[in-house]
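Letter by letter, the chains look like this.
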Amino acid sequence: DIQMTQSPASLSASLGETVTIECRGTEDIYSNLAWYQQKPGNSPQLLIYDANSLADGVPSRFSGSGSGTQYSLKINSLQSEDVASYFCQQYNNYLWTFGGGTKLELK
Amino acid sequence: QVTLKESGPGMLQPSKTLSLTCSFSGFSLSTSGMVVSWIRQPSGKSLEWLAAIDWDGDKYYNPSLKSRLTVSKDTSNTQVFLKITSVDIADTATYYCARSHSQTGSVFAYWGQGTLVTVSS
């Protein structure tokens, strides 16, 4: 099974800053990679799919990139409402796995 | 409008069977490409995909839990069920059902609010 390693586990950043979260798979996942945002007490919300496609309604300050085994989520101009946990997720051959998550806080 | 809602027992004892229901509206699971999955999340931890069932009735399971899981759907294609046998404390989590994206079955575009299940004697 493909395992996903996400880093960092926690991150503190200032308003307006650019933030990058990384995710690495144990095998090539051929861009079958998604990113989710989860605010405390809420369900996860899809941000990015197919590595770099923005989900409906997601602000353009969020972007995804990567290929092969290495992927990243970038948040430009960090806003207070971006404080949340972020999870990557891969899909391969009818198996889905998530990364360990990144908790983003304001500095 | 797509909505999903999970329901479950809230609390159950170790060794029992957990039965969960996902009731949804705004789509039919009989539509080609649709997939509904079960995902769980222990408090403060990451997400774990458990099982999925697609529009054709094909079922998929997390290999590490496969022997304990059974996913099914109703004939009207408006509910999906999950059974987990022989639960223990490690199965305590919030359980979500989620629907696939309309353009790709590989991501979860719509989520329920989750139902908390506590396993305790």
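Residues numbered from 1 in each chain as written. Chains lettered and ligands numbered in written order. Predicted model: local features only at pLDDT ≥ 70, side-chain atom pairs only at ≥ 80, totals over all residues. Heavy atoms only, no water.

Let's shift gears to the packing of aromatic side chains. Taken as a whole, this structure holds 13 aromatic pairs over all chains when the rule is applied. For the ring pair tyrosine 36 of chain A and phenylalanine 98 of chain A, a centre distance of 6.0 Å and an interplane angle of 55 degrees mean the geometry is tilted. One end of the pair, tyrosine 36 of chain A, is in strand S4 (residues 33-38); the other, phenylalanine 98 of chain A, is in strand S10 (residues 95-98), with 62 residues separating them in the sequence. Through pairs of rings, three or more aromatic residues link up here, namely Tyr36, Tyr91, Tyr94, Trp96 and Phe98 of chain A together with Trp49, Tyr60, Tyr96, Phe108 and Trp111 of chain B. (Phe/Tyr/Trp six-rings, centres within 6.5 Å; stacked < 30°, edge-to-face > 60°. Helix = DSSP H or I, 4+ residues; strand = E, 2+ residues; numbered from the N terminus.)

Residue and element names in this part refer to chain B. Spatial strand order, S1-S3-S8-S7: four strands in an open sheet with antiparallel pairing. Strands at the two margins of the open sheet, each flanked by one partner only, are strand S1 (3-7) and strand S7 (69-73). Here the average twist between neighbouring strands, direction ignored, is 15 degrees. (Pairing = 2+ DSSP bridges. Axes fitted to C-alpha atoms, helices over the stretch in contact; angles between N-to-C directions.)

This next bit is on a nonpolar patch on the surface. Residue and element names in this part refer to chain A. On the surface, a nonpolar cluster with roughly 240 Å² of combined accessible area is contributed by Leu15, Val83 and Leu106. If you trace the backbone, valine 83 turns up in the loop between strand S8 (70-75) and strand S9 (84-92). Classification of valine 83 as partly exposed rests on a relative accessible area of 31%. (Patch = residues over 30% accessible without salt bridge, like charges linked within 9 Å, V, L, I, M, F, W, Y side chains within 5 Å. Areas by Shrake-Rupley, 256 points an atom, 1.4 Å probe, with all protein chains shown as cover. Salt bridge = Lys/Arg side-chain N within 4 Å of Asp/Glu carboxyl O. Buried < 20%, exposed > 50% of the residue type's maximum accessible area, 1.4 Å probe, protein only.)

Right, let's get into the interface of chain A and chain B. Of the residues lining the interface, 20 residues belong to chain A; the matching set on chain B comes to 25 residues. Between chain A and chain B the total buried area reaches about 1800 Å² when both faces are included, carbon and sulfur atoms providing 65% of it. By the criterion of area lost to chain B, the three top residues of chain A are Tyr49, Trp96 and Phe98 of chain A, representing 35% of everything that side buries. Here chain A is connected to chain B by zero salt bridges. Counting every contact that joins chain A to chain B gives seven residue pairs in polar contact (both at pLDDT 80 or more). Residue assignment for the side of chain A that touches chain B shows that the elements contributing at least two residues are S4, strand S5 (45-49), S9 and S10 of chain A. Residues belonging to the side of chain A that touches chain B are distributed by class as follows: eleven nonpolar, seven polar and two charged. (Contact = heavy atoms within 4.5 Å. Buried area = accessible area lost by both parts, 1.4 Å probe. Polar contact = N/O pair within 3.5 Å; in protein donor to acceptor, adjacent residues only side chain to side chain. Nonpolar A, V, L, I, M, F, W, Y, C, P; charged D, E, K, R; others polar.)

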